[in-house]
Amino acid sequence: MAIKPNGKSLLPPIRDEKIMVFPQCHTGPHETHFAFRLIHFWEAWNPLKKTLIGLEMLLIDEQGSVIQGFIPPSRIERHLPKMKHGSLYKLNNFYGSSNKTVYRVSDHAVTVSFSWNSELSVLEDSPTPFDEDRFRFHSFEDFQASCDRKGDLYDVVGHMKLVNGQCLIGTPVLDEVEIARARHVLVHVQSYDGPVMKFYLWDQAARDFCKKFKSYEGTPTVLLVTTVNTKSLGENFLTFRYLLFLVFKWVLLNTTGTLTLTSMSSSRVFMDCDVQPTVDYFSWLGSNPQRAELVNAEVVIKRETLTIGEIFSYINDGSNKEAFFECTATIDDLVHGSTWYYISCSGCHTKATKGPTSLMCSKCGKVNISGVPQYRAQISVYDNSEQAVFVLLGDAGFKLTGKHAAELVSSYFEANGDQGVTQEVPFPEALISTIGQKHNFCVKVTKHNLDGKSRSLTVTKILPLESPPITESSGGNYNPTTSEERFETGTMVSEASKVSVDSAEGSKSNGDIDEMGKAKCLKRGV
């Protein structure tokens with residue numbers, strides 16, 4: 001170590017010939033050291049084998065160069081206790097390995113891998129300044145060009161339009177229990193003047209989003225998420241169609257989807273005044289108030305229209321994502337031997353259970369509840385491609401028949417008196433009369449469909465029938481504004497869904513944005 005004439009050591013000896021900066025890093029072993037700020041670190045898992053691959057890191061040196069780091073599983077326990085986001089470190093000895101070709105988080109061709117003789121130490125009182133962070137932003141056009149290529153993961157900044165289907169008038173309600181169950185938050189975001197994009201924040205990113213969103217006194221507007229992946233709607237899934245000419249042949253149809261952003265395990269979430277790019281964007285938004293105008297929820301949540309056969313192809317092609325689709329089909333019959341309603345809790349609409357002396361609700365935890373009949377009618381439908389069983393729930397049943405299930409059940413008991421008390425109410429004429437009708441259904445592909453437990457598709461909504469039906473992809477395939485309550489009847493497992501997508505439009509004036517921005521930034525000390 002170099003020594004000053006007064007006897008004080010230089011810490012660190014930045015100009016020592018053995019000190020390296022990231023641009024000098026190459027593949028192979030390095031018996032030298034460098035100083036860096038640890039921007040972020042995260043666990044990398046094999047999604048198929050469910051095994052830990054290692055600990056990945058994002059590092060920045062004194063020159064502002066960024067490189068990816070990696071610690072093998074066997075060495076994590078040794079180094080992890082010293083590691084803290086944003087802190088400065090010095091690393092002695094490492095191996096320069098080739099950077100991976102998929103899901104890269106830095107431009108550098110080399111990854112700093114911790115080897116058997118690597119020594120990590122905290123860098124105290126460094127006289128050299130280090131940048132706090134470094135971002136790599138992409139526009140809508142950039143994301144669209146790299147969609148589904150599994151290449152570099154870039155960052156996005158924009159203003160939120162919807163959060164889980166809720167407009168930003170007032171403060172959207174985030175149900176953390178439901179979000180934890182669904183494992184994601186859906187945000188519609190627009191970056192500057194680009195189109196509105198659907199953005200799914202998964203797992204840790206969803207939890208971070210909820211925590212930050214609720215920490216603001218007002219409703220946050222700007223969102224920045226790092227290292228996002230781009231996908232086409234419906235995983236750009238492949239639909240197989242069987243065509244019969246003189247011989248049998250398979251034709252592969254690539255169903256082009258709509259650009260969708262998804263978070264990764266490396267993603268970080270920032271809002272309004274968290275970092276300089278969000279502050280800059282908030283300032284731009286204040287100077288362009290027309291960009292903050294809210295949008296109609298039905299417009300940005302419009303679903304892709306598929307045939308029944310294409311929906312089953314989506315299920316059979318190995319997708320693991322729940323999805324919503326529109327489908328035009330004709331009602332062929334009611335599924336005989338099935339019940340068309342269930343008794344629910346009057347408060348949350350979860351299926352009520354029978355207690356010793358009264359009805360109980362497992363979700364609310366209440367006993368002696370009032371039971372209310374709700375639709376759960378199974379109907380057989382068909383289109384030109386396939387047949388299926390649709391399950392009508394809640395508002396969808398009312399939309400189809402024009403009558404609430406409670407009204408139909410009550411009418412039956414009034415007409416039959418005590419004779420029907422111990423019996424299931426048969427199919428009412430209001431349902432029977434729908435046989436032969438054609439409707440535009442919004443159906444949900446649930447986890448039970450993807451797991452092969454059920455072929456029945458849940459109808460969450462019945463939409464106006466257009467002629468001819470729209471077949472082009474026009475939006476996303478998720479709608480987390482649908483709340484789901486699980487129930488079982490016999491061996492069939494379904495999900496009761498209630499759709500509550502509110503459409504609202506509004507705008508914020510330039511002055512409102514400026515004042516809101518000042519208040520938010522003052523609160524966070526920016």
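Residues numbered from 1 in each chain as written. Predicted model: local features only at pLDDT ≥ 70, side-chain atom pairs only at ≥ 80, totals over all residues. Heavy atoms only, no water.

Naming follows an unreviewed UniProt entry, where the protein appears as Replication factor A C-terminal domain-containing protein of Brassica oleracea. Taken from UniProt, the Sequence similarities (unreviewed entry) comment for the protein reads in full: "Belongs to the replication factor A protein 1 family." (UniProt positions renumbered as here; feature names shortened; annotations may be inferred.)

As a further point, take the nonpolar core. In terms of nonpolar packing, the biggest core is built from 38 residues, with Ile311, Trp340, Phe390, Leu392, Leu431 and Phe441 touching the most fellow members. Per element, the largest residue contribution to this core is 6 residues, and it comes from strand S17 (residues 323–334). Residues in contact with Ile311, not counting those within four places in the same chain, are Leu306, Phe325, Cys327, Val443, Val445 and Leu457. Of all hydrophobic cores here, the second largest spans 29 residues; its members include Phe143, Val189, Met197 and Phe199. (Core = buried A, V, L, I, M, F, W, Y, C linked by side-chain atoms within 4.5 Å. Buried < 20%, exposed > 50% of the residue type's maximum accessible area, 1.4 Å probe, protein only. Helix = DSSP H or I, 4+ residues; strand = E, 2+ residues; numbered from the N terminus. Contact = heavy atoms within 4.5 Å.)

Side chains that carry opposite charge are capable of pairing whenever their charged atoms lie near each other. Summed over the entire model, instances satisfying the criterion amount to 14 salt bridges. The salt bridge partner of Lys100 is Glu56, with a shortest N-O separation of 2.9 Å. Of the two residues, Lys100 sits in the loop between strand S4 (88–98) and strand S5 (110–113) while Glu56 sits in strand S2 (residues 51–60), which places them 44 residues apart along the sequence. By relative accessible area, which is 30% here, Lys100 ends up partly exposed. Residue Glu56 is classed as buried on the basis of its relative accessible area, which comes to 10%. Arg134 is the partner of Asp131 in a salt bridge, and the nearest nitrogen-oxygen pair spans 2.9 Å. A relative accessible area of 37% places Asp131 in the partly exposed class. (Salt bridge = Lys/Arg side-chain N within 4 Å of Asp/Glu carboxyl O.)

With that settled, consider the packing of aromatic side chains. For the structure on display, the rule yields 15 aromatic pairs. Feature note: the residues Phe22, Phe34, Phe36, Tyr89 and Phe94 constitute an aromatic cluster, connected by ring pairs. Looking at Arg136, its charged tip hangs above the ring of Tyr154, at a distance of 4.3 Å from the centre. When the ring centre of Phe312 is taken as origin, the NZ or CZ atom of Arg455, which lies over that ring, is 3.9 Å away. (Phe/Tyr/Trp six-rings, centres within 6.5 Å; stacked < 30°, edge-to-face > 60°. Lys NZ or Arg CZ within 6 Å of the ring centre and 35° of its normal.)

Let us now look at the side chain of Gln68. By the element assignment, Gln68 lies in strand S3 (residues 66–71). Sequence-distant contacts of Gln68, defined by excluding residues within four places in its chain, comprise Glu56, Met57, Asn99, Lys100, Arg104, Val105, Ser106, Val110, Thr111 and Val112.

The subject of this paragraph is the pairing of strand S21 (residues 371–382). Among the 12 residues of S21, 9 are classified as buried, and the element is accordingly described as predominantly covered. Pairing of S17 with S21, which is carried by 4 bridges, proceeds in the antiparallel orientation. Following the sheet pairing, Asp333 is matched in S21 by Ser380. Of the pairings in the sheet, the one linking strand S18 (residues 341–345) to S21 comprises 5 bridges and is antiparallel in character. Within S21, the position partnered with Ile343 by the bridge is Pro373. Where S21 meets strand S22 (residues 387–393), 7 bridges bridge the pair, whose relative direction is antiparallel. Looking at the pairing, Ala377 lines up with Leu392 of S22. The hairpin formed by S21 and S22 contains 4 residues between the paired strands. (Pairing = 2+ DSSP bridges.)

Buried residues dominate strand S7 (residues 154–163), accounting for 10 of its 10 residues. Bridge analysis of S7 against strand S9 (residues 184–190) gives 4 bridges, and the strand direction is antiparallel. Residue pairing in the sheet places Leu162 in a bridge with His188 of S9. In this structure, S7 lies alongside strand S8 (residues 166–167), joined through 2 bridges in antiparallel fashion. Bridged to Val163 within S8 is Gln166.

In this section: the side chain of Ser118. In this fold, Ser118 is placed in the loop between S5 and strand S6 (119–122). Ser118 gets classed as buried once you look at its relative accessible area, which sits at 0%.

Reading predicted coordinates in detail is not appropriate for stretches of low pLDDT. Looking at the protein as a whole, the pLDDT averages 77, with 74% of positions reaching at least 70. When the criterion is pLDDT under 50, residues 1–17 qualifies, and its contacts beyond four places in sequence or with other chains add up to 19 contacts. Note that pLDDT drops below 50 for residues 234–256; the model gives that stretch 45 contacts with residues more than four away or on any other chain. (pLDDT = per-residue confidence, 0-100.)

Between its terminal C-alpha atoms helix H9 (residues 405–416) stretches 17 Å, which fits the 16 Å expected from 12 residues at 1.5 Å a residue. When we look at burial in H9, the residues that qualify are Ala405, Leu408, Val409 and Tyr412. For H9, the arc enclosing every buried residue in end-on projection is 95 degrees, short of the 170-degree limit, so these residues lie on one face. Packed against the buried residues of H9 are S18, S21 and helix H10 (429–432). Positive phi appears at Gly417, one or two residues downstream of H9, with a value of about 60 degrees. (Expected span 1.5 Å × (residues − 1). Arc of directions from axis to C-beta.)

Bringing helix H5 (residues 276–287) into the picture now. Look at H5: 17 Å from first C-alpha to last across 12 residues, which is about the 16 Å you get at 1.5 Å a residue. When we look at burial in H5, the residues that qualify are Pro277, Thr278, Val279, Tyr281, Phe282, Leu285 and Gly286.

Let us now look at unusual backbone geometry. The residue Asp125 is not glycine, and still its phi comes out positive at about 50 degrees. Residue placement: Asp125 occurs in the loop between S6 and helix H2 (140–145). Relative accessible area serves as the criterion here: at 70%, Asp125 is assigned to the exposed category. A positive phi angle is found at Thr227, which is not glycine, with a value near 45 degrees. In this fold, Thr227 is placed in strand S11 (residues 222–232).

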